[in-house]
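# Geometric and topological summary
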Amino acid sequence: MFEGRDMGFATAGSGGSVVLADAMVAPMRSVPEHNWRDRLAELDLVPDLGEDIGSLRWFRGLATLTALSVAAIALLPDFGPVYGAQPPLPTEAEFEEARAQMIMPIAYGSDSGKRMAATDAVVALAGSPERPRIELTATLGRGDSFARVLQRAGVGGGEAANIVSMVSGVTSLGDIEPGTPVEIVLGKRASRNEARPLESVAFRARFDLNLEINREGGVLRLARKPIAVDETPLRIRGTVGDSLYRSARAAGAPANAIQSYLKIIAGRTSLSSLRPTDEFDIIIDYKRAETGEVKVGDLLYAGIDRDGKSAIQMLKWTLGDNSQWFEASGVGESKGALSRPINGPVTSGFGMRRHPILGYSRMHAGLDFKGGYGAPIYAVTDGTVTYAGRKGGYGNFVQINHGGGLATGYGHMSRFAVSSGSRVRRGQIIGYVGSTGLSTGPHLHYELYRNGRAVNPMSVKFTQRAQLSGNDLAQFKGKLNRLKSVKPGAALVPMRPSTRVQEEPKREIDRLTQRMDGHNIRG
Ligand SMILES: [Zn+2]
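All of the points below concern the structure found in this document. (Residues numbered from 1 in each chain as written. Predicted model: local features only at pLDDT ≥ 70, side-chain atom pairs only at ≥ 80, totals over all residues.)

### As for the nonpolar core
Membership of the largest hydrophobic core comes to 28 residues, with the highest contact counts inside it found for Tyr-261, Ile-282, Ile-284 and Ala-302. For this core, the elements supplying multiple residues, two or more each, are strand E7 (234-239), helix H7 (244-250), helix H8 (255-266), strand E8 (279-289), strand E9 (294-306) and strand E10 (309-319). Contact partners of Ile-282, with chain neighbours within four places excluded, come to Ile-236, Ala-248, Ala-253, Ala-257, Tyr-261, Leu-299 and Ala-302. (Core = buried A, V, L, I, M, F, W, Y, C linked by C-beta atoms within 7 Å. Buried ≥ 20, exposed ≤ 12 C-beta atoms within 10 Å, placed from the backbone. Helix = DSSP H or I, 4+ residues; strand = E, 2+ residues; numbered from the N terminus. Contact = placed C-beta atoms within 7 Å.)

### Overview of the pairing of strand E15 (residues 361-364)
Across four bridges, the pairing between strand E14 (residues 351-354) and E15 is antiparallel. For Arg-354, the partnering residue across the bridge sits in E15 and is Ser-361. (Pairing = 2+ DSSP bridges.)

### Considering the sheet that holds strand E2 (residues 181-186)
Here we have five strands laid out as an open sheet, ordered E1-E2-E3-E4-E5, and antiparallel in their pairing. Of all the strands in the sheet, just strand E1 (134-139) and strand E5 (219-226) have a single pairing partner and so form its edges. Ignoring strand direction, the axes of neighbouring strands in this sheet form an average angle of 20°. Judged from the six bridges that link them, strand E3 (residues 198-206) and strand E4 (residues 209-216) form a sheet pairing that is antiparallel. Residue pairing in the sheet places Phe-203 in a bridge with Leu-211 of E4. (Axes fitted to C-alpha atoms, helices over the stretch in contact; angles between N-to-C directions.)

### A word on unusual backbone geometry
Apart from glycine, the bulk of residues carry a negative phi angle, and the bulk of peptide bonds sit in the trans form. Its identity is not glycine, yet Asp-52 carries a phi of approximately 45°, on the positive side. For Asp-52, the location among the structural elements is in the loop between helix H2 (36-42) and helix H3 (56-74). Despite not being glycine, His-412 has its phi angle at roughly 65°, a positive value. By secondary structure assignment, the location of His-412 is in strand E20 (residues 406-416). Note on His-412: 27 C-beta atoms within 10 Å, which makes it buried.

Structure follows, in C-alpha cells:
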C-alpha cells in the first residue's frame, strides 16, 4: 500500500515538475556569468564529513578541518606561572637569629640570646647567685640502677641510698620499667661544696603504683599513690571466614597472641579442617591502668566453636613450675608421637643389610634419614643429653636420655648444638647433618634404645599426657568458667575518665601563649 502511493506520486507530480524545472533552468546555465565571488560563495567550506566519504570534496573538508585544528593548537595560550619578586621565607636558623636580636622582655620570648666575646669593659663578678631550686626529669635506662639515676641527677650519695632503701621497702626496684621518667626537685644548698638536698622525687614504680617522696619538716617521707588497674581479660570472638589469622587480626587480636593461638589449635586439629562458619574464641591477659596505659599479656584460652557448641577448649594451666595447655576435661596436650628428628625421608630401615662401606651384611640398628649437609637435627622429645662427642663409626654423636628407660642417639653430625649434660626440649635443635664417621654422604643415623638396647624406632611412640585430678581439676574448671564468662569486648569498655595532665611547656613564650589561649589545664 505504501509503496504503491509512493510510486504514484513520483510518476504523476514529481515527474512533471522536473521536466518543467529543467526547461526553465537550462537557458540560465548556459550564461557564463560566474565571477570569483559567486564561486567562493558556492564553495562549500564546511562539507559534512559524514557524507561522500572518500570523495575529493570530503578530502578537501578533512584538510580544512586539520588545518584549522593545527592553527587553533598553535595559537593556544601558555598557562605557565607568572614570576614576580617574592622574598623567601626565613629558614629556622635565620628566624632564631632574628629572634635572638630582638629587644624584648625575656618573658615575651627573647630567651635564646647570643654570646658575644667579652670586651675590656667587662668586669667579672666576684660571685654569682645560685638557683634556689632545680626541677629536672631523669630517665631510668635499660640496665640502669635507680640509685645511679638519682646520683646522676645530683642527689648526694647518702641521700640516694636512703631513698633507694625507702622505695625497695614498698616495691621491688626491678619492677620499675626502663624508660620511666623520674621527676626530681633539688633544693638550696648551704655551700657550693656539697650536694643539693632532695626536695621531692616522683615516679611510677609499678604499673599500678606511683610513688612520691617529699621533704616535710626536714625529713623525707614516702607517699604511695596507687593507680586503679582493671584486670578484665581481653576476649575476642569472631567467625573464621577465609583466613583465621586475618579474621582474628580484623577483630582486634594482637599478632603474637594469634600466633600462640594458631599453635595451640594446630596441636589439636588440622587448621585446614576449620570451616569458614566456625567461631574462634581468644582470651588474652589484659591490664588497663586508669591513666590509660594498657599491658597486653599472654594467651590464656584458645577455643573453636562449631554450630554453637565448643569444639576445642584449651586453657593454659600452671602445674608445679611449668605451664602447659589443657583441654576443658583436664587432659594435657599430648607430648609425643614426634616426631621425626629431621625433615627428610627414611632412606634405610632397621634390620639386617649389606653395609655400603664394609661390604658385608650386618645389623643396621637404626634408621637413616636423608638430609642436606648442615640441615638441623631436632630432639624427638624432652630429655637430657648424656653424650655429645666423637664415637667411632658414628662420627659426631649425641645421645639423649628421655627417662622411662628410653634414649635416642643421633650420628654422623657435622656440628653439635648441645653439650653433654644440657636439658633439651622436644623439637630443640641438637646438631646439624654431616658425614662424620663411617658414612658415604651427609645423612642422619638415628637410633632408639629401650633399657640400653637398640630397638626399631618405628615401634615406639612417645605419648605422655598430663591429667588433672582432684583439687587441681576443680580449680582448673573454676578458672575455665570464670574466663568463659567474660563478655567479648568487656575489657574495652571505658574506665572512669582519667585526669590527664598536660605537659608543661619549656619556653616561657609558649607558657604565656598557652595561658593567653586558656588551654592550660593547670594554669
Ligand atoms: Zn645408619
